There are 2 protein chains.
Amino acid sequence: MDQDPGFIAAVEEAKKGAAEGGVPIGAALVSKDGKILGRGHNMRVQKGSAILHAEMSALEQSGRLPASAYEGATMYTTLSPCDMCTGACVLYKVKRVVVGENQNFQGGEELLLNRGKELVVLDNAECKELMATFIKEKPELWNEDIAV
Amino acid sequence: MDQDPGFIAAVEEAKKGAAEGGVPIGAALVSKDGKILGRGHNMRVQKGSAILHAEMSALEQSGRLPASAYEGATMYTTLSPCDMCTGACVLYKVKRVVVGENQNFQGGEELLLNRGKELVVLDNAECKELMATFIKEKPELWNEDIAV
């Protein structure tokens, strides 16, 4: 699953975020038939945004869609989703959430499972390294992003 | 509490949304010392946005803030928050959520209570009327907004 186009897109987005000096988390929303509906990365630094986490960026880039477009969809994200992004996945009824890693942060995984989502944690080395480096270099920015 | 400046601002925002032909839900985020940090309304129609629900707009308009700014804060909203907006309130650790009404829609109230938030439901007649009229006039738009 590390080779799914959606996951590859999410990792590319995370690296873009890192290159921009932002929070290096990326995501991609993929329809049940494998089309990337939207992709994006955390924009806290780039847009001064409190809500554009990676998953939110991917949902926003997907644009206005009817509920049917999200049926059977997968949200790929490089890091375990926070409570906000978890809630967004629940609202839009995505079927599955594929998470790059949950070692550097674990968000709303229990809620996802309680709400019937499939959850896959890849424990991907590249995702772990990206986040670990970021948290070490910019702990205040990271704390701001997760409201700690 | 119907006369709290934060609630008045939320209702004003909902009316702006209605006047713009959008989803008539408004919100305001108020700090523990009573300052309105941000306010906004649903922007699905106006910006083609899948994530700018009223509460998200208010958080976004508040801008980048440290966790301390949200301590003791209240999110005022004209309608019971959906799962996404509930998750955002949990992420940012607002203390209290004041809801105009939950007759036309009931979102993540159980999660808010489970996560230790104070929840106040005003059962406000003006909020109920705004939403009931909207849902009657534009059921497809409303269904899209809550992914039904």
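Residues numbered from 1 in each chain as written. Chains lettered and ligands numbered in written order. Predicted model: local features only at pLDDT ≥ 70, side-chain atom pairs only at ≥ 80, totals over all residues. Heavy atoms only, no water.

*Asks:* Could you give me a rundown of the relation of the copies chain B and chain A, with the residues and numbers involved?
*Replies:* When chain B is fitted to chain A, the residual RMSD is 0.0 Å, and the transformation amounts to a turn of 180 degrees plus an axial shift of 0.0 Å. The relationship between the two copies is best expressed as a two-fold rotation axis. Considering only C-alpha atoms, the residue of chain B closest to the rotation axis is B:Gly87, which sits at 2.5 Å. Most of the interface of chain B is mirrored in chain A, where 100% of its interface residues are also at the interface. (Least-squares fit on C-alpha atoms with pLDDT ≥ 70 in both. Contact = heavy atoms within 4.5 Å.)

*Asks:* Account for the pairing of strand β2 (residues 36-41) of chain B, with residues named and values stated.
*Replies:* On a regular strand, each side chain points to the face opposite its neighbour's, so the side chains alternate between the two faces of the sheet. Pairing of strand β1 (residues 26-30) of chain B with β2(B), which is carried by five bridges, proceeds in the antiparallel orientation. Paired with B:Ala27 across the two strands is B:Gly40, which belongs to β2(B). (Pairing = 2+ DSSP bridges. Helix = DSSP H or I, 4+ residues; strand = E, 2+ residues; numbered from the N terminus.)

*Asks:* Break down the interface of chain B and chain A for me, citing the residues and quoting the values.
*Replies:* With 33 residues of chain B at the interface, the matching set in chain A holds 33 residues. In terms of surface lost to chain A, no three residues of chain B exceed B:Ile51, B:Arg64 and B:Leu91, which account for 24% of the buried area on that side. Between chain B and chain A we count four salt bridges in total. A salt bridge links A:Arg115 to B:Asp83; its shortest N-O distance comes to 3.1 Å. Joining chain B to chain A, the criterion identifies 18 residue pairs in polar contact (both at pLDDT 80 or more). Contributions of two or more residues to the side of chain B that touches chain A are made by α2 (44-47), α3 (54-62), α4 (67-70), α5 (83-91) and α8 (139-145) of chain B. Residue contributions to the side of chain B that touches chain A peak at six residues, all from α5(B). Looking at the side of chain B that touches chain A residue by residue, the class counts come to 20 nonpolar, five polar and eight charged. (Buried area = accessible area lost by both parts, 1.4 Å probe. Salt bridge = Lys/Arg side-chain N within 4 Å of Asp/Glu carboxyl O. Polar contact = N/O pair within 3.5 Å; in protein donor to acceptor, adjacent residues only side chain to side chain. Nonpolar A, V, L, I, M, F, W, Y, C, P; charged D, E, K, R; others polar.)

*Asks:* How would you sum up the sheet that holds strand β5 (residues 118-121) of chain A? Please name residues and give values.
*Replies:* Strand-to-strand pairing in sheets goes through backbone hydrogen bonds, with the strands running parallel or antiparallel. Residue and element names in this part refer to chain A. With mixed pairing, five strands are arranged side by side in an open sheet as β2-β1-β3-β4-β5. The sheet is open, and its two edges are formed by β2 (36-41) and β5, each paired on a single side. For this sheet, the mean inter-axis angle between neighbouring strands, taken without regard to orientation, is 10 degrees. Together, β1 (26-30), β2 and β3 (74-77) form the strand contacts of helix α1 (residues 5-19), whose direction differs from that of β2 by roughly 25 degrees. (Axes fitted to C-alpha atoms, helices over the stretch in contact; angles between N-to-C directions.)

*Asks:* Give a description of the sheet that holds strand β4 (residues 96-99) of chain B that names residues and reports values.
*Replies:* Residues and elements named next belong to chain B. Pairing in this open sheet of five strands is mixed, and the strands run β2-β1-β3-β4-β5 from one edge to the other. Each edge of the open sheet carries a strand with a single partner, namely β2 and β5 (118-121). Direction aside, the axes of adjacent strands within the sheet are offset by 10 degrees on average. Pairing of β1 with strand β3 (residues 74-77) involves four bridges; the strand directions are antiparallel. Across the sheet, residue valine 30 finds its bridge partner in β3, namely threonine 74. Against the sheet, helix α1 (residues 5-19) contacts β1, β2 and β3, and its axis sits at roughly 25 degrees relative to β2. Sitting on the sheet, α3 is in contact with β1, β2 and β3, with an inclination near 140 degrees to β2.

*Asks:* Pulling in residues and values, what's your account of the packing of aromatic side chains?
*Replies:* All names here are of chain A. Scanning the entire structure with this criterion turns up six aromatic pairs over all chains. Measuring from centroid to centroid gives 6.2 Å for phenylalanine 134 and tryptophan 142, while their planes differ by 80 degrees, and the two rings are edge-to-face. Among the residues examined, phenylalanine 134 registers a relative accessible area of 5% and is labelled buried. Since its relative accessible area comes to 5%, tryptophan 142 is described here as buried. A connected cluster of aromatic rings, assembled from ring pairs, spans Phe105, Phe134 and Trp142. (Phe/Tyr/Trp six-rings, centres within 6.5 Å; stacked < 30°, edge-to-face > 60°. Buried < 20%, exposed > 50% of the residue type's maximum accessible area, 1.4 Å probe, protein only.)

*Asks:* Requested: an account of the environment of B:Gln46, with residues and values cited.
*Replies:* All names here are of chain B. If you trace the backbone, glutamine 46 turns up in helix α2. Between the C-alpha atom of glutamine 46 and that of cysteine 127, which follows or precedes it by 81 residues, the distance is 20 Å. When near neighbours in sequence (up to four residues on either side) are disregarded, glutamine 46 contacts Gly17, Glu20, Gly22 and His41. A distance of 2.6 Å separates a polar atom in the side chain of glutamine 46 from a polar atom in the side chain of glutamate 20.

*Asks:* Break down α3(B) for me, with residues and values.
*Replies:* All names here are of chain B. Across the nine residues that make up α3, a large majority, seven, are buried. The complete set of buried residues in α3 reads Ala54, Glu55, Met56, Ser57, Ala58, Leu59 and Ser62. A positive backbone phi angle near 75 degrees is found at glycine 63, which sits one or two residues after α3.

*Asks:* Describe the nonpolar core, with residues and values.
*Replies:* Ranked by internal contacts, the top residues of the largest apolar core, which has 76 residues, are A:Met84, A:Trp142, B:Met84 and B:Trp142. With residues near it in sequence (within four places) discarded, A:Met84 still touches A:Ala50, A:Ile51, A:His53, A:Met56, B:Met56, B:Met84, B:Gly87, B:Ala88 and B:Leu91. (Core = buried A, V, L, I, M, F, W, Y, C linked by side-chain atoms within 4.5 Å.)

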